[in-house]
Amino acid sequence: MDAYQPRPEHRFTFGLWTVGNIGRDPFGGPVRPVLDPLNAVRHLARLGAYGVSLHDDDLVPPGTGASDRDRIVREFRRVLDGEGMRVPMATVNLFSEPGFRDGALTSRFPSVRSRALVKAKAAMDLGVELGAEIFVLWGGREGTDTDAAANPGLALQRYRDGVNTLTRYIRDQRYPLKIALEAKPNEPRGDLFLPTTGAMLAFIGTLDEPALVGVNPEIAHEKMAGLNPAHTIAQALDAGKLVHVDLNDQRIGRFDQDLRFGSDDIKGAFFVVKALEEGGYQGPRNFDAHAYRTEDEEGVWAFARGCMRTYLVLKEKVARMREDPEIRGLLAAVERDDSPEVTPLTMRDEELDQLVVELLLGVR
Ligand code: GCO
Ligand code: MN
Ligand code: MN
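Let me begin by describing the structure that accompanies this report.

Definitions and limits used
- Positions within a chain are numbered from 1, following the residues in the order the chain's sequence is written.
- Going through the entries in the order they are written, you letter the chains from A and number the ligands from 1.
- With pLDDT at 70 or above as the cut-off, local features in this predicted model cover only qualifying residues; side-chain atom pairs require 80 or more to be listed or tallied, and sums for whole chains, interfaces and linings still use all residues.
- Hydrogens and water are ignored here; the side-chain numbers use all heavy atoms of the structure.
- Secondary structure elements are defined from DSSP: runs of H or I of at least 4 residues count as helices, runs of E of at least 2 residues count as strands, and each element is numbered from the N terminus.
- Remark: exposure states derive from per-residue accessible area (1.4 Å probe, protein chains only) relative to the maximum for the residue type, with buried under 20%, exposed over 50%, and partly exposed in between.
- Here, residues are in contact when the closest pair of their heavy atoms is within 4.5 Å.
- The protein chains shown are the only cover counted for residues, whose accessible areas, like all others here, come from Shrake-Rupley with a 1.4 Å probe.
- His is not counted here, nor are the chain ends, while Lys and Arg score as positive and Asp and Glu score as negative.
- Note that the charge is assigned to NZ on lysines, CZ on arginines, CG on aspartates and CD on glutamates.
- The rule for pairing is simple: two strands pair if DSSP sees at least two bridges between them.
- Angles shown run from 0 to 180 degrees and are taken between the N-to-C directions of axes, each axis being a line fitted to C-alpha atoms and, for helices, limited to the stretch in contact.
- For this classification, under 35 degrees means roughly parallel, over 145 means roughly antiparallel, 65 to 115 means roughly perpendicular, and everything else is oblique.
- Gly is placed with the polar residues, together with every amino acid not listed as nonpolar (Ala, Val, Leu, Ile, Met, Phe, Trp, Tyr, Cys and Pro) or charged (Asp, Glu, Lys and Arg).
- In these notes, residues near a molecule or strand are those with any non-hydrogen atom within 4 Å of it.
- Under this definition, polar contacts are N or O atom pairs within 3.5 Å; protein pairs additionally need one hydrogen-donor-capable and one acceptor-capable atom, and for neighbouring residues in sequence, both atoms have to be side-chain atoms.
- Here the term cavity refers to a set of points on a 1 Å grid, laid over the protein atoms alone, in which a 1.4 Å probe fits but cannot get out; the term pocket refers to an open set having protein on both sides within 12 Å along at least five of seven lines, with lining residues being those that place an atom within 4 Å of a point.
- Occupancy of a cavity or pocket is assigned to a molecule whenever over half of its atoms lie within 2 Å of that pocket's grid points.

## Topic: the overall build of the protein chain
The number of helices and strands found in the protein chain is 13 helices and 10 strands. Viewed in the frame of its principal axes, the protein chain has a C-alpha envelope of about 65 × 50 × 45 Å. Buried residues in the protein chain amount to 49% of all 364 residues. Partitioning the contacts of the protein chain with sequence separation of at least 6, the portion at a separation of at least 24 is 77%. Carbon and sulfur atoms form 51% of the exposed surface of the protein chain, whose accessible area is close to 17,400 Å². Positive and negative charge centroids in the protein chain, built from 46 and 56 side chains respectively, lie 4 Å apart.

Structure follows, in structure tokens:
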């Protein structure tokens, strides 16, 4: 059997919006046809995924009436069950509607804030109906393009009120949900509020129900902010707040590329997998990325296979790093901190790093 064949126990999930990405960008329209969510589920099941994640609008197009909504959800559940697929995470699109263009939960207009809460609650209902236990909140429009008319302090109070209302709803409905806050430094706004996972972790401490709220770090977003995603993951785990993770890749200094996991920075991806696997993370390994705009549907499935395979290859490398006698020896020397010396005499980082590089290059 192929050692890198994904299986449901690996808990790989894909956003419906990822494999369903139609290749639109700010300079060009769609290049791929719309992918039916039912086909996405069937295909991903065949590739060995555990499930899918979704925005409310990915499954139920905006403007759908109540009876059509119920029919769509019923049909989706039937196909999920038939394929043995799960929906561990649901989220809400609070960024596409024109009314959200200057913020949703943080909008200066009470009517927009109420609309955002109504939409978020309906997305929670949908998620719970599909078995989700994680509700991601990504505030794509919660930010500014200019600070001339902005009041970032007030915006944060509104953000807090919004999340507090949603945790109250979770309690009232007795939903088994946890909210996972996802940070991003910018795009689509010039600046987004709470731009890093670290900022989100601090914000959680100010909420009414911190126990119901954790984080969903995205690799690309941390890299956009110039940060080390493996360290972010370690911090979230240390805080007991790593509820979910969005895996992808990103070249520093670019727009939000949402590249196939490990396609750019293999060493960075390796340390991300190491942080997750050795840090005891139990949640879904969610891919939030999309195929290059050059690709047709075949390319989309090649992209999805690639994300999972690379994760499994790197997971094996993590195990090999743990077992490698030479690496172990060097690590043991470095990690011995009972030395009476004030400063250790040798670090051995050059040797150790070269061994890791050779492991990743496949010559060890
Ligand atoms: C992005 C975001 C989104 C969110 C998703 C969940 O592309 O910048 O990461 O993909 O993760 O919308 O709310
Ligand atoms: Mn994301
Ligand atoms: Mn992203």
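## A look at the pairing of strand E2 (residues 51-55)
Note on strand geometry: in a regular strand, side chains alternate between the two faces of the sheet. By the criterion of burial, E2 is predominantly enclosed, with 5 of the 5 residues buried. Pairing of strand E1 (residues 12-15) with E2, which is carried by 3 bridges, proceeds in the parallel orientation. Paired with Thr13 across the two strands is Gly51, which belongs to E2. Of the strand pairs in this sheet, E2 and strand E3 (residues 86-91) are connected by 4 bridges, and their pairing is parallel.

## A few points about the packing of helix H2 (residues 37-47) against helix H4 (residues 66-83)
Taken N-terminus to C-terminus, the directions of H2 and H4 make an angle of 10 degrees; their axes are 10 Å apart at the nearest point. On the basis of the axis angle, H2 is roughly parallel to H4. Where H2 approaches H4, its residues Pro37, Leu38, Val41, Arg42 and Ala45 are matched on the opposing element by Glu75, Phe76, Val79, Leu80 and Glu83. Looking at the contact of H2 with H4, its residues break down into 7 nonpolar, no polar and 3 charged.

## Details of the site of ligand 1
Taken together, 13 residues surround ligand 1, and among them His55, Glu182, Lys184, Glu218 and Asp288 come closest. In this structure, Thr91 approaches ligand 1 through a side-chain N or O atom, which is 3.1 Å from an oxygen atom. For ligand 1, an oxygen atom lies 2.7 Å from a polar atom in the side chain of Glu182. Within the complex, 94% of the 330 Å² of free accessible area of ligand 1 lies under protein. Applying the majority rule of atoms within 2 Å of the grid points places ligand 1 in the largest pocket.

## Digging into the side chain of Thr165
Position of Thr165 relative to the elements: it lies in helix H6 (residues 152-173). When residues no more than four places from it in sequence are discounted, the contact partners of Thr165 are Leu117 and Lys121.

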